[in-house]
Amino acid sequence: MKAPKKAKRRQQQGEGGSSNVFSMFEQSQIQEYKEAFTIIDQNRDGIISKDDLRDVLATMGQLNVKNEELEAMVKEASGPINFTVFLTMFGEKLKGADPEDVIVSAFKVLDPEGTGAIKKEFLEELLTTQCDRFTAEEMTNLWAAFPPDVAGNVDYKNICYVITHGEEKEE
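Residues numbered from 1 in each chain as written. Predicted model: local features only at pLDDT ≥ 70, side-chain atom pairs only at ≥ 80, totals over all residues. Heavy atoms only, no water.

**Observations concerning the overall build of the chain**
- When its secondary structure is counted, the chain shows 9 helices and 2 strands.
- Considering only intrachain contacts with a sequence separation of at least 6, the fraction spanning at least 24 residues in the chain is 52%.
- When the accessible surface of the chain is split by element, carbon and sulfur atoms take 53% of a total near 12,100 Å². (Helix = DSSP H or I, 4+ residues; strand = E, 2+ residues; numbered from the N terminus. Contact = heavy atoms within 4.5 Å. Areas by Shrake-Rupley, 256 points an atom, 1.4 Å probe, with all protein chains shown as cover.)

**Looking at unusual backbone geometry**
- Residues other than glycine seldom take positive phi values, yet Arg44 does so here, at roughly 55°.
- By the element assignment, Arg44 lies in the loop between helix 2 (27-40) and helix 3 (50-59).

**Overview of the confidence of the model for the chain**
- Here the chain averages 82 in pLDDT, while 84% of its residues score no lower than 70.
- No element of the chain has a lower mean pLDDT than helix 1 (residues 2-13), at 38, and none a higher one than strand 2 (residues 153-155), at 94.
- Per-residue pLDDT stays below 50 along residues 1-18; that stretch engages in 8 contacts with residues further than four places along the chain or on separate chains. (pLDDT = per-residue confidence, 0-100.)

**Considerations on helix 8 (residues 136-145)**
- Taken residue by residue, helix 8 has Met139, Leu142 and Trp143 as its buried positions. Take helix 8 and look down its axis: the buried residues cluster within an arc of 90°, on one side only. Within helix 8, the exposed residues directed more than 90 degrees away from the buried face are Glu137, Thr140 and Ala144.
- Against the buried residues of helix 8 lie helix 7 (120-129) and strand 2. (Buried < 20%, exposed > 50% of the residue type's maximum accessible area, 1.4 Å probe, protein only. Arc of directions from axis to C-beta.)

**Points about the environment of Thr38**
- Along the chain, Thr38 turns up in helix 2.
- Overall, the relative accessible area of 34% leaves Thr38 in the partly exposed class.
- For the pair Thr38 and Ile48, spaced 10 residues apart in the sequence, the C-alpha separation amounts to 9.1 Å.
- Polar side-chain contacts of Thr38 include one of 2.9 Å to the backbone oxygen of Lys34. (Polar contact = N/O pair within 3.5 Å; in protein donor to acceptor, adjacent residues only side chain to side chain.)

**Concerning the nonpolar core**
- In this structure, Ile48, Phe83, Phe86 and Leu87 are the most contacted members of the largest nonpolar core, which totals 19 residues.
- When residues of this core are traced back to their parent elements, those giving at least two are helix 2, helix 3 and helix 5 (83-95).
- Grouped together as the second largest cluster of nonpolar side chains are 13 residues, Ile118, Leu142, Tyr156 and Ile159 included. (Core = buried A, V, L, I, M, F, W, Y, C linked by side-chain atoms within 4.5 Å.)

**Section: a nonpolar patch on the surface**
- Together, Val109, Leu110 and Phe122 give the surface a local cluster of nonpolar side chains, amounting to about 260 Å² of exposed area.
- Note on Val109: relative accessible area 66%, which makes it exposed. (Patch = residues over 30% accessible without salt bridge, like charges linked within 9 Å, V, L, I, M, F, W, Y side chains within 5 Å. Salt bridge = Lys/Arg side-chain N within 4 Å of Asp/Glu carboxyl O.)

**A look at a negative patch on the surface**
- Residues Glu68, Glu69, Glu137 and Glu138 make up a contiguous surface patch of negative charge.
- Put simply, the parts of the chain that give the negative patch at least two residues each are helix 4 (67-75) and helix 8.
- If you trace the backbone, Glu138 turns up in helix 8. (Lys, Arg positive; Asp, Glu negative; His and termini not counted. Charge placed at Lys NZ, Arg CZ, Asp CG, Glu CD.)

**Some details on the environment of Asn158**
- Take Asn158: it is sitting in helix 9 (residues 156-165).
- In this structure the C-alpha to C-alpha distance between Asn158 and Val104, which are 54 residues apart in sequence, comes to 9.4 Å.

See the structure below:
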């Protein structure tokens, strides 16, 4: 008799079954997205607005964000950004990502010794000269998020984990 209770509880988490977006994530991930949503929803009205985005970006040091940029961010959603819409947006962004093992395998081609790391200069050269080239700003953001070690090596397995899971592994 315990199984039906569990199923019922899960349906309530999915807001009465009105959306299957909740089934795309583990409960711990949903909780993390809820925490992120709460941080972004600066005025605590349950909807992420341009003002919320402006305020949260300001707390991160980005003070001169153009109104057009904020409007473009808000317009990525089909309507007001409540938590379900927020979660759906992440689900859509992650849906196109390859599985972690596929991404790691692609990096392993660049790591013939199997060290789990690639030289920063080599990776930067590849990302700025091949296919969909990274801009200088994108490279700055990459190195801020994944700083190389003192020897100039980048842990590509960590990058792959974050791409597919949205957070760093806890060690």
